[in-house]
Number of protein chains: 2
Amino acid sequence: MSYKKVDKHDIEYISSVINDSERVFVGENISEDYSHDELGAVKQMPEIVVQVLETEEVSKIMKYAYENNIPVTPRGSGTGLVGSAVPLHSGIIIDLSKMNKMLELDEENLTLTLEPGVLLMEISKYVEEHDLFYPPDPGEKTATIGGNISTNAGGMRAVKYGVTRDYVRGLEVVLPNGKVENFGGKVVKNSSGYSLKDLMVGAEGTLGIVTKATLKLLPLPKKAISLLIPFKDLDTAIETVPKIIKSKAIPTAIEFMERAAIVSAEEFLGKKFPDNSSDAYLLLTFDGNSKEDIEKDYEKVADICLKEGALDVFISDTDERQESIWSARGAFLEAIKASTTEMDEVDVVVPRNKVAEFVKFTKDVEKQFNIRIRSFGHAGDGNLHVYILRDELTEEQWHEKLNAVMETMYNKSKELNGKVSGEHGIGFAKKGYLHEAIGDEMINIMAGIKKAFDPKNLLNPGKVCQ
Amino acid sequence: MSYKKVDKHDIEYISSVINDSERVFVGENISEDYSHDELGAVKQMPEIVVQVLETEEVSKIMKYAYENNIPVTPRGSGTGLVGSAVPLHSGIIIDLSKMNKMLELDEENLTLTLEPGVLLMEISKYVEEHDLFYPPDPGEKTATIGGNISTNAGGMRAVKYGVTRDYVRGLEVVLPNGKVENFGGKVVKNSSGYSLKDLMVGAEGTLGIVTKATLKLLPLPKKAISLLIPFKDLDTAIETVPKIIKSKAIPTAIEFMERAAIVSAEEFLGKKFPDNSSDAYLLLTFDGNSKEDIEKDYEKVADICLKEGALDVFISDTDERQESIWSARGAFLEAIKASTTEMDEVDVVVPRNKVAEFVKFTKDVEKQFNIRIRSFGHAGDGNLHVYILRDELTEEQWHEKLNAVMETMYNKSKELNGKVSGEHGIGFAKKGYLHEAIGDEMINIMAGIKKAFDPKNLLNPGKVCQ
């Protein structure tokens with residue numbers, strides 16, 4: 001791959017499109033933040049950063065880049081964990097975080113149309129004021145909706161409500177050649193050719209740049225109740241989950257957590273969790289339109305848990321109490337990060353009845369490789385977040401152990417019919433593992449799809465299947 | 001495109017793979033049924049038909065066809081309406097209707113794995129015996145699940161539950177080169193590269209042949225109630241629908257029907273509908289776990305309808321009574337078909353608040369072109385089924401009027417931000433209209449995707465985007 005370097009003429013043209021010097025950054029004026037995402041390990045500075053405000057700006061810059069063979073990397077708030085927003089071949093970063101307007105709440109079609117830079121936390125706030133609900137609930141609330149769409153983020157409520165893809169009805173997309181197209185729309189059904197909308201969701205900005213999205217909303221459930229359920233150990237806790245699923249109660253979320261993670265979060269947040277005396281916990285939420293509506297379900301689940309060895313069942317039905325539990329859950333990643341020098345993560349997803357086996361396996365790996373590993377995650381949907389911590393290892397020891405540990409874990413996931421990524425994506429960091437998991441044939445098909453959208457390989461090159 | 005004709009050697013090889021002469025048909029032994037689907041207007045006989053029983057048979061035949069440049073068309077029960085299963089270039093038909101085994105009901109993961117030839121009506125029966133629920137509910141219950149997946153069929157319950165794609169977790173697929181791959185699986189989340197699973201759903205058998213599917217199930221709602229609501233005219237009925245959606249009640253289904261369709265269905269079935277004295281009706285269903293659970297919703301909706309001009313509200317909460325209503329609804333298509341000499345259909349989907357405008361438009365078209373048009377459909381999800389009837393028109397008059405009427409309707413759909421097909425697909429019959437609706441750029445991308453899967457264009461050629 002040989003790309004053109006950004007020169008004076010390119011800068012002049014791009015500046016003329018943007019016509020606002022405060023939204024174009026070149027050379028030393030580019031913040032170091034643009035060289036990486038939250039993963040940190042992969043770094044590359046872009047040659048020019050453009051903060052766009054309109055689809056037309058994206059379209060013109062993309063068209064110019066395409067004609068002049070300059071690579072383009074789209075970026076939201078940079079909260080990714082696999083290097084998707086890192087400009088591996090330098091070139092142009094199109095920063096979409098300032099394209100952050102709510103465009104239309106359509107109550108007759110139950111849709112919200114918005115720009116890609118709107119933050120996840122703003123969406124829930126906005127729609128809840130209208131008694132509506134956007135169910136996807138990834139832990140990182142400062143991510144943009146564009147980023148969530150590009151990784152097909154899942155979050156806590158996937159057990160009951162599914163993932164981001166299930167709530168994307170339509171997308172406006174700037175193609176690699178600069179043309180603007182609409183995939184899907186406000187329609188509820190669509191069987192009009194290959195589903196380019198579903199292909200774009202989860203494509204990590206390699207097939208087109210999302211410049212507008214129409215999301216499906218639901219009526220807001222009026223009541224939510226959380227159960228915090230302590231167990232004597234993690235095995236017992238997690239092995240209860242398939243029994244809960246089988247009972248046909250439908251929790252909104254089922255998370256598992258260990259004492260160590262809770263204590264870290266307490267320290268990190270400087271406030272106490274309702275209980276930290278047990279080794280392991282399940283945290284469940286139920287939602288519905290009234291307490292009566294959901295109490296049969298949560299009572300059934302509480303009974304199952306007690307029968308399977310739960311030590312107690314704490315029921316939280318006030319907002320304050322639920323807030324204290326879920327804020328601890330939300331702080332796990334930051335707390336773990338603060339406890340070590342560097343880390344990397346495995347975001348596998350396995351069938352729900354294999355979670356216990358996978359978590360047990362990570363404990364064995366921790367011992368076998370003598371490296372600190374922390375995990376928490378979505379027991380109810382099979383998506384684990386396993387963090388491998390560097391602590392005091394030297395650079396060389398760290399890379400050697402990290403590679404070996406990751407290889408071991410991805411092999412185990414494959415053995416359990418799991419997938420490389422549940423919601424963080426492939427980006428740059430997980431490419432090799434994806435290739436190993438799905439093989440040449442499927443990688444070649446993906447590369448062929450990439451070529452159908454981007455024959456010159458200029459949009460976010462070096463990611464996913466390349 | 002130049003394909004090889006099937007010769008003696010090909011027949012010998014294929015017969016050796018199948019090793020059962022009762023499942024291989026050649027020449028005059030091929031039933032005329034294989035030359036068409038329910039659309040009827042597009043016909044072509046295959047050179048050889050193979051009724052497969054195993055993935056390995058599909059794989060071997062596909063591999064042989066690929067190496068020998070022979071086109072292959074997969075087929076389920078042939079209930080399609082756009083010619084997707086018609087072997088336009090002759091060659092081999094792989095009939096998957098006898099691959100019809102239930103393989104595994106996994107209650108810990110709430111999934112059903114099955115072969116593609118299982119009929120839709122068998123799925124609901126099977127899972128309901130286990131207190132589970134497969135929500136997609138297209139009208140044609142003798143369709144295979146493979147066909148439903150290949151068209152991304154929607155059905156009546158899409159208002160609340162979504163479409164087939166939302167319930168396909170994993171697919172085993174034979175690629176055009178004969179290799180067997182798995183897309184997705186039992187996992188709830190997946191962000192591991194481009195979503196080939198979602199691409200395969202709705203691809204109408206042009207990208208690969210589905211040989212196994214893993215479906216997502218839900219717990220079976222314990223109670224369902226239907227409301228039959230007469231209105232003085234169709235406009236008033238349909239204009240009430242966006243108000244129902246806006247009220248945040250969530251009906252399972254909202255269908256509209258006119259007196260003429262009901263009378264036809266009564267005649268066709270030889271039994272009476274609960275009421276046929278009004279010009280237009282809305283038919284709604286609500287489901288949940290108890291009467292209390294849903295009565296607030298349906299009472300709210302009944303009040304809205306009465307306020308908007310409904311003449312009455314008939315509540316059906318017995319199975320018998322609901323059966324009599326829904327069996328009439330299920331017979332509309334057959335009844336209309338029996339009332340004319342030939343027909344064609346438009347399966348557009350528009351945003352839900354544009355249904356009234358589109359239906360009014362079809363009435364104008366009926367007058368303007370002096371041709372009989374019947375419509376019914378899914379008012380709650382915006383998917384209309386509009387049937388244009390030939391009656392006594394000559395061949396020439398029919399084609400001339402049909403083309404003009406269709407063109408007019410697809411233009412109107414586009415004007416309302418609708419799509420060419422809500423659930424029947426594109427196949428052969430709607431290719432031109434798809435191209436017109438989405439333009440060269442998107443058609444070229446789709447053709448590029450087709451090429452990534454099928455570089456020699458041997459699997460179901462001449463459909464969707466070619």
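Conventions adopted
Residues numbered from 1 in each chain as written. Chains lettered and ligands numbered in written order. Predicted model: local features only at pLDDT ≥ 70, side-chain atom pairs only at ≥ 80, totals over all residues. Heavy atoms only, no water. Salt bridge = Lys/Arg side-chain N within 4 Å of Asp/Glu carboxyl O. Helix = DSSP H or I, 4+ residues; strand = E, 2+ residues; numbered from the N terminus. Expected span 1.5 Å × (residues − 1). Buried < 20%, exposed > 50% of the residue type's maximum accessible area, 1.4 Å probe, protein only. Contact = heavy atoms within 4.5 Å. Pairing = 2+ DSSP bridges. Axes fitted to C-alpha atoms, helices over the stretch in contact; angles between N-to-C directions. Buried area = accessible area lost by both parts, 1.4 Å probe. Polar contact = N/O pair within 3.5 Å; in protein donor to acceptor, adjacent residues only side chain to side chain. Nonpolar A, V, L, I, M, F, W, Y, C, P; charged D, E, K, R; others polar. Least-squares fit on C-alpha atoms with pLDDT ≥ 70 in both. Domains from an automatic or database assignment. Arc of directions from axis to C-beta. pLDDT = per-residue confidence, 0-100.

A. Inspection of the pattern of salt bridges at higher detail. Tallying each qualifying case throughout the model produces 76 salt bridges over all chains. We note a salt bridge from Lys186(A) to Glu104(A), for which the minimum N-O separation is 2.8 Å. With Lys186(A) in the loop between strand S9 (180-184) and helix H6 (196-200) and Glu104(A) in strand S5 (residues 102-106), this residue pair connects regions lying 82 residues apart in the sequence. Through salt bridges with shared partners, one network takes in Arg165(A), Lys197(A), Asp198(A), Arg165(B), Lys197(B) and Asp198(B).

B. Summary view of helix H13 (residues 355-369) of chain A. Residue and element names in this part refer to chain A. Over its 15 residues, H13 runs 21 Å from end to end, which matches the ideal 21 Å to within 8%, given 1.5 Å per residue. The set of residues buried in H13 consists of Val355, Ala356, Phe358, Val359, Phe361, Thr362, Val365 and Phe369. On its buried face, H13 is in contact with helix H7 (234-239), strand S13 (253-258), strand S17 (372-378), strand S18 (383-389) and helix H14 (395-415). Positioned one or two residues after H13, asparagine 370 has a phi angle of 50°, which is positive.

C. Representation of the sheet that holds strand S1 (residues 24-26) of chain A within the structure. Residue and element names in this part refer to chain A. Spatially, the four strands line up as an open sheet ordered S1-S2-S4-S3, and their pairing is mixed. Both outer strands of the open sheet, S1 and strand S3 (72-75), are each paired with one neighbouring strand and no more. For this sheet, the mean inter-axis angle between neighbouring strands, taken without regard to orientation, is 20°. Relative to strand S4 (residues 92-95), strand S2 (residues 48-51) runs parallel, the two being bridged by four bridges. The residue bridging valine 49 from the neighbouring strand is isoleucine 93, located in S4. Contacts from helix H1 (residues 8-18) reach S1, S2 and S4, with the element oriented near 10° to S2.

D. The arrangement of the interface of chain B and chain A in detail. Between chain B and chain A, the residue contacts involve 81 residues of the former and 81 residues of the latter. Summed over both partners, the interface of chain B with chain A comes to about 6,500 Å²; 59% of that surface belongs to carbon and sulfur atoms. Of all residues in chain B, Lys189(B), Tyr194(B) and Lys248(B) give up the largest surface area on contact with chain A, accounting jointly for 15% of the area buried on that side. At the boundary of chain B and chain A, one finds 10 salt bridges. Lys179(B) serves as the salt-bridge partner of Glu441(A), at 2.8 Å between the closest nitrogen and oxygen. Our count for the chain B to chain A interface comes out at 39 residue pairs in polar contact (both at pLDDT 80 or more). Per element, the largest residue contribution to the side of chain B that touches chain A is 11 residues, and it comes from helix H15 (residues 431-453) of chain B. When grouped by side-chain class, the residues that make up the side of chain B that touches chain A number 32 nonpolar, 27 polar and 22 charged.

E. Expanded view of the pairing of strand S12 (residues 223-231) of chain A. All names here are of chain A. The element S12 is largely enclosed, with a buried count of seven among its nine residues. With nine bridges joining them, S12 and strand S14 (residues 280-288) adopt antiparallel strand pairing. Bridging across to S14, alanine 224 finds its partner in aspartate 287. Two elements, S12 and strand S15 (residues 314-316), share three bridges in a ladder whose sense is antiparallel. Considered in S15, the bridge of leucine 228 is made with phenylalanine 314.

F. Up close: the relation of the copies chain B and chain A. With an RMSD of 0.0 Å, chain B superimposes on chain A once it is rotated by 180° and translated 0.0 Å along the axis. What the superposition gives is, in effect, a two-fold axis relating one chain to the other. Among all C-alpha atoms of chain B, that of Ile449(B) lies closest to the rotation axis, at 2.6 Å. With an isologous cut-off of 70% or more, the 100% of interface residues of chain B that recur at the interface of chain A puts this contact in the isologous class.

G. Spotlight on the domain arrangement of chain A. All names here are of chain A. Segmentation of chain A into domains returns domain 1 (102-219), domain 2 (222-338) and domain 3 (340-425). Using C-alpha coordinates to define each centre, domain 1 is positioned 29 Å away from domain 3. In this complex, domain 1 contributes nine residues to the contact, which on the side of domain 3 involves seven residues. A buried area of about 560 Å², summed over both sides, lies between domain 1 and domain 3, and 49% of it is on carbon and sulfur atoms. Among the residues domain 1 hides against domain 3, the three largest losses belong to Thr151, Gly155 and Val159. Together they make up 53% of the total. Remark: the boundary between domain 1 and domain 3 carries zero salt bridges.

H. Summary view of the pairing of strand S18 (residues 383-389) of chain B. Residues and elements named next belong to chain B. Burial runs high along S18: seven of the seven residues are buried. Residues Asn383, His385, Tyr387 and Leu389 point to one face of S18 and Leu384, Val386 and Ile388 to the other, with burial holding for every one of them. With four bridges joining them, strand S16 (residues 343-346) and S18 adopt antiparallel strand pairing. From the neighbouring strand, glutamate 345 faces S18, where its bridge partner is tyrosine 387. Here strand S17 (residues 372-378) pairs with S18 via seven bridges, running antiparallel. Residue pairing across strands places arginine 372 opposite leucine 389, the latter belonging to S18. Here S17 folds back onto S18, and the loop between the two strands holds four residues, one of which, glycine 382, carries a positive phi near 85°.

I. Looking closely at the sheet that holds strand S2 (residues 48-51) of chain B. Residues and elements named next belong to chain B. On the basis of which strands lie adjacent, the open sheet formed by four strands has the order S1-S2-S4-S3 and mixed pairing. Only two strands of the sheet have a single partner each, and these edge strands are strand S1 (24-26) and strand S3 (72-75). Strand-to-strand twist of the sheet, defined as the mean angle between neighbouring strand axes without regard to direction, takes the value 20°. Both S1 and S2 contribute to a ladder of three bridges, which runs antiparallel. In the strand pairing of S2, phenylalanine 25 is matched with valine 49. In this fold helix H2 (residues 55-68) packs onto S2, S3 and strand S4 (92-95), with an angle of close to 165° to the strand it touches most, S4.

J. Quick look at the side chain of Asp381(B). Looking at the secondary structure, you find Asp381(B) in the loop between S17 and S18. Looking at Asp381(B), its side chain comes within polar contact range of the side chain of Lys189(A), at 3.0 Å. Within the structure, Asp381(B) has its side chain in polar contact with the backbone nitrogen of Asn383(B) (distance 3.0 Å). Residue contacts for Asp381(B): discarding those within four places in its chain leaves Val188(A), Lys189(A), Gly155(B), Ala158(B), Val159(B), Val349(B), Val350(B) and Arg352(B).

K. Up close: the environment of Gln44(B). All names here are of chain B. Position of glutamine 44 among the secondary structure elements: in the loop between S1 and S2. The class of glutamine 44 is partly exposed, set by a relative accessible area of 30%. Separated by 406 residues in sequence, glutamine 44 and lysine 450 have C-alpha atoms that sit 23 Å apart. When near neighbours in sequence (up to four residues on either side) are disregarded, glutamine 44 contacts Tyr34, Ser35, Val86, Pro87, Leu88 and Ser90.

L. Layout of helix H1 (residues 8-18) of chain B. Residues and elements named next belong to chain B. Turning to H1, its buried residues number three or more, namely Asp10, Ile14, Val17 and Ile18. Down the axis of H1, the smallest arc covering the buried residues is 90°, so these residues share one side. Structural note: H1 exposes Lys8 and His9 on the side pointing more than 90 degrees away from its buried face. Buried positions along H1 lie against S1, S2, H2 and S4. Residue aspartate 7 occupies the N-cap position of H1, its side-chain oxygen lying 3.0 Å from the main-chain nitrogen of histidine 9. Where H1 ends, the next residue or the one after it, asparagine 19, has phi of about 55°, a positive value.

M. The arrangement of the confidence of the model for chain A in detail. Residues of chain A with pLDDT of at least 70 account for 100%, and the chain-wide mean is 94. Both scores are available for the predicted complex, with the pTM at 0.96 and the ipTM at 0.95.

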